[in-house]
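Breakdown of the fold
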Amino acid sequence: TPEAPDILSPEFAADPYPAYRILREHYPLLHHKGTDSYLLSRYEDVARAFRDPVFTTDNYTWQMEPAHGGRTLPQMSGREHAVRRALVAPAFRGRELRETFLPVIERNARELIDAFRDAEEADLVARFATRFPINVIVDMLGLDRADHDRFHGWYGAVVAFLSNLAQDPAVAAAGRRAGEELAAYLRPVLRERRAAPGDDLLSRLCAAEVDGVRMNDQDITAFVSLLLSAGGETTDKALALIFRNLLAHPDQLAAVRADRSLIPAAFAETLRYTPPVQMIMRQPAADVTLSGGTVPAGATVICLIGAANRDPGHYTRPDSFDIFRTDLNPASACSAAAEHVAFGLGRHFCVGALLARTEVETGVGQLLDAFPVMAFADGTAPDDAGVFTRGPRHLRLRLGRDAQ
Ligand code: HEM
């Protein structure tokens, strides 16, 4: 039997997938000493932890509450969660996205691409992926477009705060400062929108009411902060990953170029093969028996999304990137019936899944149109980095306008 993997080791950070295989095969329920938590790696167990209400979100740590200046959806459960989710979810549904927000998404993709349309080489992460989702959120909220850069700064500080496992005091201070600045920025705008609502997301959040519950300024500020991290870093990484994966499989990239209706399949397969969010925590309220044994009540459980998504009990050739696979339904990748767990499952299933998909479809389509030729500038595919969230730090591409 191979040694039990350590999710805090440098080998794991360099490439977690060999460790995921060992966990699935030999340690389906492993108590990990370094984090005092239980690791789940099989699809059936991870799916159960997402779906079965005995697994609570009471221990949702990663400094979620201080990072956002208040409690947000991922930490809530039961009726509180259902009501709070019903307040925000309607703005992210398909009709809303198509009718109100699609032009915003298209415009932001176009503007970012215009800034490097003539470049022969560009880092797609810096020029596009990290900017696009934040700019879209700022515009959906109906805020001043001149503030895109400020939001990008706050986004960076909040994300660094959330992943500050080493508790660096400078990172913590910058995160807190960003939170205060964001709250101060939103205060007068919220006053305005409550007095004179528009069609924007912020006005909708102000007006939303479910069972007599409404959101106060602090609730809305915390949700906006959550949108920056939950909707920013994830979509940022998904965009970089879909290009990295397609460029590493040129035949599949050529197929997508020839038929844009394959983008949803490429997106679903990217989320399965290289999920941007690799781990999510839960806490069972009672002892629970899973495929590898019993987790005690009150323990911290880490659901390893990256491991579940490559479970050979669930997918054929799980370690191959294949947008044509028939065991993953691209159409279902934006509902709780999704066949990968990159968006979670059940009550906490990603609110922004359809927005993410719309952003990726628009962004990928426009980038393919702008650059008929794309290749890794360094000749090889860049590696991914990160343990909780994971994706390439850079994606330097050689760009050409004439397909030859
Ligand atoms: C929840 C992943 C994009 C907003 C989640 C969860 C995952 C996830 C795994 C479940 C957390 C849990 O069960 O505890 C992703 C990925 C994305 C993405 C991989 C991009 C490819 C977005 C976007 C938004 C968003 C664009 C919004 C603008 C949220 C919110 C929740 C959530 C608000 C909390 C839902 C709840 O607790 O009820 N996301 N997400 N996400 N996501 Fe996303």
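Calculation rules
Residues numbered from 1 in each chain as written. Predicted model: local features only at pLDDT ≥ 70, side-chain atom pairs only at ≥ 80, totals over all residues. Pairing = 2+ DSSP bridges. Helix = DSSP H or I, 4+ residues; strand = E, 2+ residues; numbered from the N terminus. Axes fitted to C-alpha atoms, helices over the stretch in contact; angles between N-to-C directions. Buried ≥ 20, exposed ≤ 12 C-beta atoms within 10 Å, placed from the backbone. Contact = placed C-beta atoms within 7 Å. Core = buried A, V, L, I, M, F, W, Y, C linked by C-beta atoms within 7 Å. Near = placed C-beta within 6 Å. Nonpolar A, V, L, I, M, F, W, Y, C, P; charged D, E, K, R; others polar.

Going by what an unreviewed UniProt entry lists, the chain is known as Cytochrome P450 and is assigned to Streptomyces lydicus.

Right, let's get into the sheet that holds strand β9 (residues 373-376). Taken in spatial order, the three strands line up as β4-β12-β9 in an open sheet, and their pairing is antiparallel. Each edge of the sheet is formed by a strand with only one pairing partner; in this case those strands are β4 (121-123) and β9. Strand-to-strand twist in this sheet, taken as the mean axis angle between neighbours without regard to direction, amounts to 30°.

Here the focus is the pairing of strand β8 (residues 300-304). Within β8, four of the five residues are buried, which leaves it mostly tucked inside the rest of the structure. Bridging between strand β5 (residues 279-284) and β8 involves four bridges; their strand directions are antiparallel. Bridging across to β8, Met 281 finds its partner in Ile 302.

This brings us to the sheet that holds strand β1 (residues 29-32). The pairing of strands in a sheet happens through backbone hydrogen bonds and is either parallel or antiparallel. Strand order in the open sheet formed by five strands is β1-β2-β8-β5-β3, with mixed pairing between adjacent strands. Of all strands in the sheet, those bounded by a partner on one side alone are β1 and β3 (55-56). The pairing of strand β2 (residues 37-40) with β8 spans four bridges and is classified as parallel. Pairing of Leu 40 across the sheet is with Cys 303, part of β8. Packed onto the sheet, helix α3 (residues 43-51) meets β2, β3, β5 and β8 and runs at close to 125° relative to β8.

Our next topic: the nonpolar core. A general feature of soluble globular proteins is that nonpolar side chains tend to end up buried together. Residues Leu 40, Val 46, Val 158, Ile 242, Cys 303, Leu 304 and Ile 305 are the most contacted members of the largest nonpolar core, which totals 111 residues. Counting residues per element, this core draws most heavily on helix α12 (residues 217-247), which supplies 15 residues. Here Leu 40 is in contact with Leu 29, Asp 45, Val 46, Ala 49, Leu 290, Val 301, Ile 302, Cys 303 and Leu 304, once residues within four sequence places are set aside.

Around the ligand there are 23 residues in total, and Gly 231, Thr 234, Gly 344, Cys 350 and Gly 352 lie nearest to it. Within the residue set of the shell around the ligand, elements represented by two or more residues are α12 and α16 (353-370). With seven residues, the single largest contributor to the shell around the ligand is α12. Of the residues that constitute the shell around the ligand, the class distribution is 16 nonpolar, six polar and one charged.

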